[in-house]
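One-letter residues, chain by chain:
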Amino acid sequence: MEERTPLASTPWLDPDARPFVRIEGLSKHFGDFKAVDAIDLDIYRAELFSILGASGSGKTTLLRMLAGLEAPTSGRIEIDGVDVTDAPPYERPLNIMFQSYALFPHMTVEQNVAYGLKKDRTPGPEIQRRVAEILDLVQLSSHARAKPSQISGGQSQRVALARALIKQPKVLLLDEPLAALDKKLREHTQFELVNIQDQLGVTFVVVTHDQEEAMTLSTRIAVMNEGRFTQIGTPNEIYEHPCNRFTADFVGKINLFEATVIGGGDAEVTLRCEALDCTITLPHAAPLAAGAAVSLAVRPEKIFLAKEPPRETDRTVLRGVVLDLGYFGGLSLYRIETGNGTVIEVSAQNRQRDARGPEWDDEVYLSWDASNTILLGE
Amino acid sequence: MKRHGTFVLSMMAFGFAFLYVPIALVVLYSFNGSSLSTVWGGFSLRWYGELFRNEEILRAVLLSLRIAALSASVATALGTLAGMAMARLPRFRGRTLFTAMILTPLVMPEVLTGLSLLLLFVSLHDLFGWPGARGGSTIAIAHITFSTAYVAVIVRSRLTGMDPSLEEAAMDLGARPLRVFLDITVPLIAPALLTGWLLAFTLSLDDLVIASFVSGPGSTTLPMLIFSKVRLGVTPEINALATVIIVIVATGIAIAARTMRRREARHAERPAPLGTGTG
Ligand SMILES: Nc1ncnc2c1ncn2[C@@H]1O[C@H](COP(=O)(O)OP(=O)(O)OP(=O)(O)O)[C@@H](O)[C@H]1O
Ligand SMILES: [Mg+2]
């Protein structure tokens, strides 16, 4: 049993840890268009790393460069200490699972899965054994003789996964692995994916534009926009401590307000926010120049909604009326308009079956702890 | 409703009659006992006997089949490469021109193709002493040049309909480009290859104009022979020959259709076990 230091599960915090996949200054230009723009990234062994970004942000292009299917315009890719920047796809120690699954239609499930081993000239009996093993792992043994056209979407997805895993690649690249599945199956498969990754200890790099998927699956997430990473961090860091407007706005719901720096000391900064009609002092490490424009952000679920004014006084308190509300079962989502016209989104848990929350046009009080206010530089 | 039905039926009958009455007449007259092709002299197989004793016709049939098989095979190989290039090459300067140039033979008048090839062969002969005498090989070369374009078009359309990530997946799994081509591309475009080959074969078998330009003395293809004979009047022998060709073609089509249907049915019910079907 390996010694389990705190850093063993968070190697990115360990300055001595050697990254397993190292990407340096990687770019891909299509003509004048920069699909991927000078990206640096370290991924560690057995991570489940997600790349999250809107459509067209360059996720697939980045993944294809890792797989060797697209030649980088510039930059370097290193896997397990070996420079593979110029290696053809068939010589890279990684496999990719395509968004479209790309199962060979003229081969059975079994033949699809066995293909990678055959190309490696693995002896026949071993192929048989390993194919049987992995089909068992993805619970498809009973469909071994079926053609891809005869199995369902969820089953195709598992065949694609088995085919990509059978060569025991050092890194598995997955392009939107669950996009084609319906919601229920997707949630189920997410956990299967994590289980399999856990069992095999393979490093996963998952591309997705589904935030929930990225949140549930990943050890770390890179948020991508227009060919660049806006932030890299654990799901918690990305969600609770976004470091710029794009990340904050892209991941989850958030209320953003403009604010101006009016003063501050070494460890804190005082801001004036017209939208909230208040002056706030927040802890902040780097000093900010007076007059600088910043943003304040608060997640909807961090805001407490009440019909009465709160008794504590150390909270940010606002008064408003319910503009709109939506019932989602476990949650209700409110849009509250304050006196000066600012609209704030608030979500509240429906804890009691028969409790009646605020209704349209009710007067309500919003309050949140100052520590839940996020200060964003740009 | 009913009147509409009879109208459509009679239109169809007329259409079919237009297509098939001439053929039916040819078949009918091939069994004519009389040597005058326009007078019915009772049922007889006499002309079939004559046909199979006629060395000239048999030689022409053999030559035509050899040329068709050779040119169809070479055209399929070359056309596949051209089709791959058209479907897979990334955009480059002059790509449109390149594509258009591959496809020109499709619309070029046969007379021009024939004439230009004849001029080419003549000047090649003057410069290099090859081809010595025009004949089967020059006809085959001529047929390859225009059938290649047909095969290229068929292969290209099949390839553009194919998911490129299939080939990428194979490459990612460790297959080198040639293996990818043999394991993935060829099986997936096989129907297009078969169609292309059959089309090239038929085009070659059928060609009269280009072959007349580039053939030499002593190498007479079947269409050339039929054409020259018919100019002296339709002989019952030619009717018999036409009937034989019709029977062969119809049988071929029927067999092809049946095997294709069978294969599909088998694929659907009982897929091949592991280790078969792939290299
Ligand atoms: N071969 C190409 N030629 C030109 N532009 C391309 C090419 N491939 C991708 N692009 C462009 O690069 C950008 C990034 O594409 P990419 O496929 O990486 O996006 P993505 O983040 O995977 O999006 P999605 O979530 O929709 O899959 C897009 O604007 C796309 O138009
Ligand atoms: Mg994509």
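Structural data are supplied above this passage.
Each chain has its residues counted from 1, running along the sequence as written. For naming, the first written chain is A and the first written ligand is 1, with later ones following in the order written. Local features in a predicted model are, by the rule used here, given only for residues with pLDDT of at least 70; side-chain atom pairs are given and counted only at 80 or more, and totals for whole chains, interfaces and linings are based on all residues. The side-chain figures draw on all heavy atoms in the structure; neither hydrogens nor water molecules are used.

### Description of helix H2 (residues 109–119) of chain A
In an α-helix, one full turn covers 3.6 residues, which means residues spaced three or four apart are oriented alike. Threshold: Residue burial is assigned from relative accessible area. The probe radius is 1.4 Å, only protein chains are included, and a residue is buried under 20% of its type maximum, exposed over 50%, and partly exposed in between. Helix numbering and strand numbering both begin at the N terminus, where a helix is a DSSP run of H or I of at least 4 residues and a strand a DSSP run of E of at least 2. In this analysis, two residues are considered to be in contact whenever any of their non-hydrogen atoms come within 4.5 Å of each other.
Most of H2 of chain A sits out of view: 10 of its 11 residues are buried. Of all the positions in H2 of chain A, only Val109, Glu110, Gln111, Asn112, Val113, Ala114, Tyr115, Gly116, Leu117 and Lys119 of chain A are classed as buried. In this fold, the buried residues of H2 of chain A make contact with helix H3 (124–137) and helix H4 (153–165) of chain A together with helix H7 (164–172) and helix H8 (177–206) of chain B. Arg121 of chain A lies just past H2 of chain A and shows a positive phi near 55°.

### Some remarks on the sheet that holds strand E20 (residues 374–376) of chain A
Residues and elements named next belong to chain A. Quick note on the threshold: What makes two strands pair is DSSP finding at least two bridges between them. Orientation is described by axes fitted as lines to C-alpha atoms, over the contacting stretch for helices, and by angles from 0 to 180 degrees between their N-to-C directions.
Spatially, the five strands line up as an open sheet ordered E13-E12-E11-E14-E20, and their pairing is antiparallel. What marks the edges here is a single partner per strand, and that holds for strand E13 (278–283) and E20. Taken over all neighbouring pairs, the strand axes of this sheet differ in orientation by 40° on average, direction set aside. The pairing of strand E11 (residues 255–264) with strand E14 (residues 293–298) spans six bridges and is classified as antiparallel. Residue pairing for E14: Leu256 is matched across the bridge by Ala297.

### A few points about helix H5 (residues 183–200) of chain A
Residues and elements named next belong to chain A. Let me state the cut-off plainly: Expected helix span is given by 1.5 Å per residue-to-residue step, counting one fewer step than there are residues.
A rise of 1.5 Å per residue sets the reference length of H5, with its 18 residues, at 26 Å; its end C-alpha atoms lie 26 Å apart and thus fit the reference within 8%. Along H5, the residues that are buried comprise Arg186, Thr189, Gln190, Glu192, Leu193, Ile196 and Gln197. Packed against the buried residues of H5 are strand E3 (48–53), H3, H4, strand E7 (171–175), strand E8 (203–208) and helix H6 (211–217). Remark: Gly201 follows H5 within two positions and exhibits a positive phi of approximately 65°.

### Description of the nonpolar core
Here is the rule: The criterion is simple. A nonpolar core is a set of buried Ala, Val, Leu, Ile, Met, Phe, Trp, Tyr and Cys residues joined through side-chain atoms within 4.5 Å.
Counting residues in each nonpolar core, the largest one holds 56 residues, and the members touching the most others are Leu62, Phe104 and Leu173 of chain A together with Ile184 of chain B. No other element matches the seven residues that H8 of chain B contributes to this core. Once you skip the residues sitting within four places of it in the chain, Leu62 of chain A turns out to touch Ile23, Leu26, Val36, Ile39, Ile51, Met224 and Phe229 of chain A. Ranked by size, the runner-up nonpolar core spans 34 residues in total, among them Ile134, Ala162, Ile166 and Leu178 of chain A.

### Some remarks on the pairing of E14 of chain A
All names here are of chain A. Of all six residues in E14, five are buried; the element is thus mostly enclosed. Strand direction decides the pairing type here: E14 and E20, joined by three bridges, are antiparallel. Counted as the bridge partner of Leu296 is Leu375 from E20.

### Let's talk about the sheet that holds strand E2 (residues 33–43) of chain A
All names here are of chain A. Reading across the sheet, the four strands line up as E2-E1-E4-E5 and stay open at both edges, with antiparallel pairing between neighbours. Edge strands, defined here as strands with exactly one partner in the open sheet, are E2 and strand E5 (82–83). Strands in contact with helix H1 (residues 59–67) are strand E1 (21–30), E2 and strand E4 (74–79); relative to E1, the strand with the most contacts, it is inclined by about 120°.

### Brief notes about the site of ligand 1
Residue and element names in this part refer to chain A. Worth spelling out the cut-off: Residue proximity to a molecule or strand is established when one non-hydrogen atom of the residue lies within 4 Å of it. Nitrogen and oxygen atoms within 3.5 Å of one another constitute a polar contact, given that in protein one can donate a hydrogen and the other can accept it, and given that sequence-neighbouring residues count only through two side-chain atoms. With residues, only the protein chains shown are counted as cover, and all accessible areas are computed by Shrake-Rupley using a 1.4 Å probe.
In the neighbourhood of ligand 1, 13 residues make up the surrounding shell, with Ser55, Gly56, Lys59, Thr60 and Thr61 lying closest. The contact in question runs from an oxygen atom of ligand 1 to an N or O atom on the side chain of Ser55, over 2.5 Å. Lys59 is positioned with one of its side-chain polar atoms (N or O) 2.7 Å from an oxygen atom of ligand 1. Burial of ligand 1 by the surrounding chains reaches 61%, relative to a free accessible area of 630 Å². Within the residue set of the shell around ligand 1, elements represented by two or more residues are E2 and H1. Looking at which element gives the most residues to the shell around ligand 1, the answer is H1, with three residues.

Remember, this is a structural readout, not a statement about activity or role.
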